[in-house]
Amino acid sequence: MENQVKQAYEAAKSLYAQHGIDTDEVLKKLAEIKVSVHCWQGDDVKGFLNKDGELTGGISVTGQYPGAATTPAELRADLEQAFSMIPGKHKVNLHAIYADTDEQVELDRIEPKHYENWVKWAKEQGLGLDFNPTCFSHEKSSDGFTLSHPDPEIRKFWIDHCKASRRIGAYFGEQLGQTCVTNVWVPDGFKDNPIDRMTPRKRLKDSLDEVFAEKLDPKYHLDAVESKLFGLGSEAYVVGSHEFYMGYGLQNDTLICLDAGHFHPTEVISNKLSSLALFTSGILLHVSRPMRWDSDHVVIMDDELLEIARELVRHDLLPTTHIGLDFFDGSINRVAAWVVGTRNTIKALLRAMLEPVDALKSAELAKDYTLRLALTEEFKSYPFGAIWDYYCAQQQVPVREQWIAEIKTYEQEVLLQRDKSFV
């Protein structure tokens, strides 16, 4: 296999070289890209602070595949297994409910010490960490409102939680030497048509102003805000709409998070990148696969994933874009879901980097639309797979579908042992 991979790479390399594409340099650049892999795929968004709590906030995970992580140690072991099959060094995205502590602590009182085991592990693995306040699945979010809640005491609870989360994110950045992005998403909204759309948004704005008042070193920490069109229980109105957060982010210089599933079914985030990038210092992406609605299916190599990658590459947006994943599927092997989604995201970026972008832009500028179309179509069948296989071999991770056998072994030896009915 090793010789076959090398031979195929050399043949593909010469083809790309005819168009001025240096595949060796492409792979060096690809290795520098970090994808933030979301921890919540591993346990169906349950976390460890409120293990018996009901999943709320418009979030739903379906499926009862055995082997979900039930402890921080199990979750880290599953992530290690996934990363052993994913090329490159990346980041892990934590939600606040994934604290690793024996202490009974409320969300508004969390501190860096409650995540020290995650930091120690990340150092050992050479990974970065991102963070998110958890403004759902809590008694104080049971009526569907958090930072925009009309009760000032409840609102203060969530403000304090977000403040504490930012400090934890800054701690991650300082300890790991990698900038931590702390992303704020809240589920606030109405199931049916509201009379007053303005006042909740005014409360949300005021709350965010208080949350972000403390200045943190951008070398170690960046803030992001995330919009949504609708959710379960907020079908008619979401306080934090795209327009709200785009305005807030631009005015306050926070990253604006674009989630692939948070817009109209026929609306795509790839077409937003070139516009938003003109007015922001950076963008956060949550790459997912919506199906009918914000269903967060595992990322596959579909047209939208490829278009997102092409926009990032064609406009040199990779240095200022933070790429994160956000999907959860309890109907399949959860570790395999991470591997499929992350490998596809990296593979899509590789495909985009292997296109003759300068030649295509020149053809377009010269109004040679025939050449633009013809070259674009021909490159769809260029042997990018040979480059990908070589990259995986170079990074010492399984080539092609070899990783599936490893996953099956891990499932038998580890995941199924967690469920007594399968032992």
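Per an unreviewed UniProt entry, the protein chain carries the name L-rhamnose isomerase and comes from Paenibacillus xylanivorans. Checking UniProt for the protein chain, the heading Subcellular location (unreviewed entry) contains the comment "Cytoplasm". The UniProt entry for the protein chain carries this comment under Sequence similarities (unreviewed entry): "Belongs to the rhamnose isomerase family."

As a further point, take the overall build of the protein chain. When you go through the protein chain residue by residue, the secondary structure sums to 14 helices and 12 strands. Its C-alpha atoms give the protein chain a radius of gyration of 22 Å, within 12% of the compact-globule value 22 Å for 423 residues. Its C-alpha atoms give the protein chain principal-axis dimensions of about 65 × 60 × 40 Å. Counting across all 423 residues of the protein chain, residues that qualify as buried make up 54%.

Quick look at unusual backbone geometry now. Backbone phi values are negative for most residues with the exception of glycine, while trans is the configuration of most peptide bonds. The backbone of K367 shows a phi angle near 60°, a positive value even though the residue is not glycine. Following the sequence through the fold, K367 ends up in the loop between α11 (357-365) and α12 (369-379). Among the residues examined, K367 registers a relative accessible area of 64% and is labelled exposed. You will see that Q396, though not glycine, has its phi angle at about 60°, which is positive.

Once the domains are mapped, the protein chain shows domain 1 (1-32 + 357-422) and domain 2 (33-354). Of note, the centres of domain 1 and domain 2, computed from C-alpha atoms alone, are 27 Å apart. Every contact between the two is made by 33 residues of domain 1 and, on the other side, 32 residues of domain 2. Across the domain 1 to domain 2 interface the summed buried area is about 2900 Å²; carbon plus sulfur atoms make up 67%. Between E74 and R418 there is a salt bridge, with its nearest N and O atoms 3.7 Å apart. Summed over the shared surface of domain 1 and domain 2, the result is 12 residue pairs in polar contact (both at pLDDT 80 or more). Residue assignment for the side of domain 1 that touches domain 2 shows that the elements contributing at least two residues are α2 (23-31), α11, α13 (384-394) and α14 (402-415). Broken down by class, the residue content of the side of domain 1 that touches domain 2 amounts to 22 nonpolar, 2 polar and 9 charged.

Using the criterion set out here, one finds 4 cavities of 30 Å³ or more in the structure. As a volume, the largest cavity reaches approximately 110 Å³. Where the lining of the largest cavity is concerned, the elements lending two or more residues are α9 (303-314), α10 (334-353) and α12. With 3 residues, the single largest contributor to the lining of the largest cavity is α10. Residues that form the lining of the largest cavity fall into these classes: 8 nonpolar, 1 polar and 4 charged. When residues of the lining of the largest cavity are assigned to domains, at least three map to each of domain 1 (1-32 + 357-422) and domain 2 (33-354). Roughly 50 Å³ of volume is contained in the second largest cavity. What lines the second largest cavity is simply L285, V287, L305, I308, A309, L312, I323, T345, A348 and L349. Of all the secondary-structure elements, those providing two or more residues to the lining of the second largest cavity are β9 (283-287), α9 and α10. By residue number, the principal contributor to the lining of the second largest cavity is α9, which donates 4 residues. Across the lining of the second largest cavity, the residue classes tally to 9 nonpolar, 1 polar and no charged.

This paragraph deals with the UniProt feature "binding site: Mn(2+)" (unreviewed entry) in the protein chain. Here the UniProt-annotated "binding site: Mn(2+)" (unreviewed entry) positions come out as H262, D294 and D296. Taking the farthest pair of C-alpha atoms as the criterion, the annotated set spanning 35 residues converges on one region, since that pair is 9.7 Å apart. As for its position among the elements, D294 is in strand β11 (residues 293-297). Note on D294: relative accessible area 8%, which makes it buried. Ignoring any residue separated from it by four or fewer positions in sequence, one finds D294 in contact with K228, D259, G261 and H262. Residue placement: D296 occurs in strand β11. Contact partners of D296, with chain neighbours within four places excluded, come to D259, S288, R289, D326, F327 and F328. Within the structure, the side chain of D296 is placed 2.8 Å from the side chain of S288, a separation counted as a polar contact.

Another aspect to go through is helix α7 (residues 242-252). Those residues of α7 that sit buried are H242, F244, Y245, Y248 and G249. The buried residues of α7 all sit within an arc of 160° when viewed along its axis, so they share a single face. With respect to the buried face of α7, the exposed residues turned more than 90 degrees away are E243 and Q251. Looking at the buried residues of α7, the elements they touch are α6 (198-211), β6 (221-226) and β8 (255-259). The first or second residue beyond α7 is D253, which carries a positive phi of 55°.

Moving on to the packing of α11 against α12. The geometry of α11 relative to α12 is characterised by a closest axis approach of 7 Å and an angle of 155° between their N-to-C directions. The angle between the axes of α11 and α12 places the two elements in the roughly antiparallel class. Contacts from A359, L360, A363 and E364 in α11 reach Y369, L371, R372, L375 and T376 in α12. Residue classes in the contact of α11 with α12 are distributed as 6 nonpolar, 1 polar and 2 charged.

This part is about the packing of α2 against α13. When two helices pack together, you describe them by how their axes are tilted relative to each other and by the distance separating the axes. With their axes 11 Å apart at the nearest point, α2 and α13 run at an angle of 55° to one another. Taken as axis vectors, α2 and α13 run oblique relative to one another. In this structure, α2 crosses over α13, and the sense of that crossing is right-handed. Facing T23, L27, L30 and A31 of α2, the residues of α13 in contact are I387, Y390, Y391 and Q394. Among the residues making up the contact of α2 with α13, the classes are represented as 6 nonpolar, 2 polar and no charged.

Calculation criteria
- Residues numbered from 1 in each chain as written.
- Predicted model: local features only at pLDDT ≥ 70, side-chain atom pairs only at ≥ 80, totals over all residues.
- Heavy atoms only, no water.
- UniProt positions renumbered as here; feature names shortened; annotations may be inferred.
- Helix = DSSP H or I, 4+ residues; strand = E, 2+ residues; numbered from the N terminus.
- Rg over C-alpha atoms; globule rule 2.2 N^0.38 Å.
- Buried < 20%, exposed > 50% of the residue type's maximum accessible area, 1.4 Å probe, protein only.
- Domains from an automatic or database assignment.
- Contact = heavy atoms within 4.5 Å.
- Buried area = accessible area lost by both parts, 1.4 Å probe.
- Salt bridge = Lys/Arg side-chain N within 4 Å of Asp/Glu carboxyl O.
- Polar contact = N/O pair within 3.5 Å; in protein donor to acceptor, adjacent residues only side chain to side chain.
- Nonpolar A, V, L, I, M, F, W, Y, C, P; charged D, E, K, R; others polar.
- 1 Å grid on protein atoms, 1.4 Å probe; cavity = no way out; pocket = protein on both sides within 12 Å on 5 of 7 lines; lining within 4 Å.
- Points joined across faces, edges and corners; volume = space filled by probe spheres on them.
- Arc of directions from axis to C-beta.
- Axes fitted to C-alpha atoms, helices over the stretch in contact; angles between N-to-C directions.
- Parallel < 35°, antiparallel > 145°, perpendicular 65-115°, else oblique.
- Left-handed = near helix turned anticlockwise from the far one by under 90°.

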